[in-house]
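# Structural features, examined
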Amino acid sequence: MMALVMVAGRSQDESRGVVAAGHPLTARAGADTLRSGGNAFDAVIASLAMACDCEPVLCSPGAGGFAMIRDGATGTVRVIDFFVQTPLDRTRATRPDGVREVRADFGTATQAFHIGPATAATPGFFDGLEAIHRLGATIGLDQLVVPAVRAARSGIIVTPFQHHLSNVVTAILTATESAANLFAPGGRVIPAGELLRNPGLADALESLATEGFGSGPVGRACLAQQAGRGYLADADLDRYRTVERDPLVVRVGASTVYLNPLPAAGGTLVAHTLDQLGSSDPVAVAHAVGATGAARRGANGRLVDLATLRRRGTTHISVVDETGTACAVTVSN
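No experiment lies behind these values; they were computed from the predicted model shown. Position numbers for residues count from 1 along each chain, tracking the sequence in the order it is written. Local features in this predicted model are restricted to residues whose pLDDT is 70 or higher, and side-chain atom pairs enter the listing and the counts only when it is 80 or higher, whereas totals over whole chains, interfaces and linings include all residues. Each side-chain value is worked out from all heavy atoms of the structure, with water and hydrogens disregarded.

## Some remarks on the overall build of the protein
Quick reminder of the rule: Helix and strand assignments follow DSSP, with helices taken as H or I runs no shorter than four residues and strands as E runs no shorter than two, numbered in order from the N terminus. Radius of gyration: over C-alpha atoms. The globule rule applied is 2.2 Å multiplied by the number of residues raised to the 0.38 power. For the exposure calls, accessible area comes from a 1.4 Å probe over protein chains only, and a residue counts as buried if that area is under 20% of its type's maximum, exposed if over 50%, partly exposed in between. Whether two residues are in contact is decided by their heavy atoms, any of which lying within 4.5 Å being enough. Per-residue and other accessible areas were derived by the Shrake-Rupley procedure at a 1.4 Å probe size, with only the shown protein chains allowed to occlude residues. Asp and Glu are treated as the negative residues and Lys and Arg as the positive ones, with His and the ends of the chain left uncounted. Think of each charge as sitting on NZ of Lys, CZ of Arg, CG of Asp or CD of Glu.
A count of helices and strands for the protein gives 14 helices and 13 strands. The C-alpha radius of gyration of the protein comes to 20 Å, within 12% of the 20 Å expected for a compact globule of 333 residues. With the C-alpha coordinates aligned to their principal axes, the bounding extent of the protein is approximately 55 × 50 × 40 Å. The burial tally for the protein puts 44% of its 333 residues in the buried class. When contacts within the protein are restricted to residue pairs at least 6 apart in sequence, long-range pairs at least 24 apart make up 60% of them. By element, 55% of the accessible surface of the protein is carried by carbon and sulfur atoms, the whole surface being about 16,600 Å². One way to put it: in the protein the 28 positive side-chain charges average out to a point 5 Å from where the 30 negative ones average out.

## What about the nonpolar core?
To keep things clear, this is the line we draw: We call a set of buried Ala, Val, Leu, Ile, Met, Phe, Trp, Tyr and Cys residues a nonpolar core when their side-chain atoms join them within 4.5 Å.
Counting 55 residues, the largest nonpolar core has Val44, Ile45, Leu48, Ile132, Val319 and Val329 as the members making the most contacts within it. It is helix H2 (residues 40–54) that provides the largest number of residues to this core, a total of eleven residues. If we skip the residues at most four places from it in the chain, Ile45 touches Leu129, Ile132, His133, Ala137, Leu141 and Leu144. Core analysis: the second largest hydrophobic core is formed by twelve residues, Leu165, Val169, Leu173 and Leu196 among them.

## Examining the pattern of salt bridges
Selection criterion: By salt bridge we mean one thing: a side-chain nitrogen of Lys or Arg within 4 Å of a carboxyl oxygen of Asp or Glu.
Under the defined criterion, the tally for this structure stands at twelve salt bridges. Among the salt bridges present, the one from Glu322 reaches Arg16, with a minimum N-O distance of 3.2 Å. Taken together, the residues span a long stretch of sequence, with Glu322 in the loop between strand E12 (314–321) and strand E13 (326–332) and Arg16 in strand E2 (residues 15–21) at a distance of 306 residues. Using a relative accessible area of 13% as the deciding quantity, one classes Arg16 as buried. Put simply, Glu244 and Arg78 hold a salt bridge, and the shortest N to O gap is 3.9 Å. In this pair, Glu244 is assigned in strand E9 (residues 243–245) and Arg78 in strand E4 (residues 77–82), connecting sequence segments 166 residues apart. If you follow the salt bridges from partner to partner, you end up with Arg95, Asp97 and Arg229 in one network.

Nothing here speaks to function; it is geometry throughout.
The following block contains the structure:
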């Protein structure tokens, strides 16, 4: 499910860029930012904020992710790691209600999730937005979140795909009274075609853009919610840092492929698959993916069905502006 928008320029021969995202409104937020004179950095931030509205199963201020950024002037590629981090101290006693297991039904498979305050990691989402902003954005953060703030208050029409995702994780979305009131008022997950309003998210985005996360009201509320049931503490928020890394570089024929490096495993697995790939024939692709799966099992990794992985946990946004600067970001709750 990918929305693609080509942004028109000053004449029919010009383009301000291209935005691809997992929801039409996510893509539109980036495209509108490019039209208003913003660059790829600005556009991907606006899109990420909007994704919190219209892709809540996959993206939120509690998320984490990775950004791959190519400088249009120099061709330099860098990776920004703003993934979530486990709590520094997990030795404190927590109440029994700090964690519980629920099961998500993907149709062809089920997966156990552990939810609750004791399962919370330190979010990297907003630190990541700030890091991307520092690298080259031209519009203030408080302005870049405005479209998402307005949409959260006025409401987002739920798409069939987002409704499907909500059904998969209904046990999570209804685990607390406040969450159930938001995502399943009246006891049912909001169906496709109806409005999801999230004024609390609007308030949070405004606060994050002006006061930051760790020392601001959102961070304080995050810690208060732990309240003896979880492990996050001031030190987790204070010490969180995004990390800039050099990408993993792989040559494929005449092309250069840039991938997410270790400690993330995804880039290494893709590199292994590309190394096994003799052609683009579907059978050859299947054999290459199978070889990577075998290698992962041999390394005591857990092989996850690729179709399930594709549907269950991440969303992606790609932006290329008129200068050739590109931002590709993957985030997950």
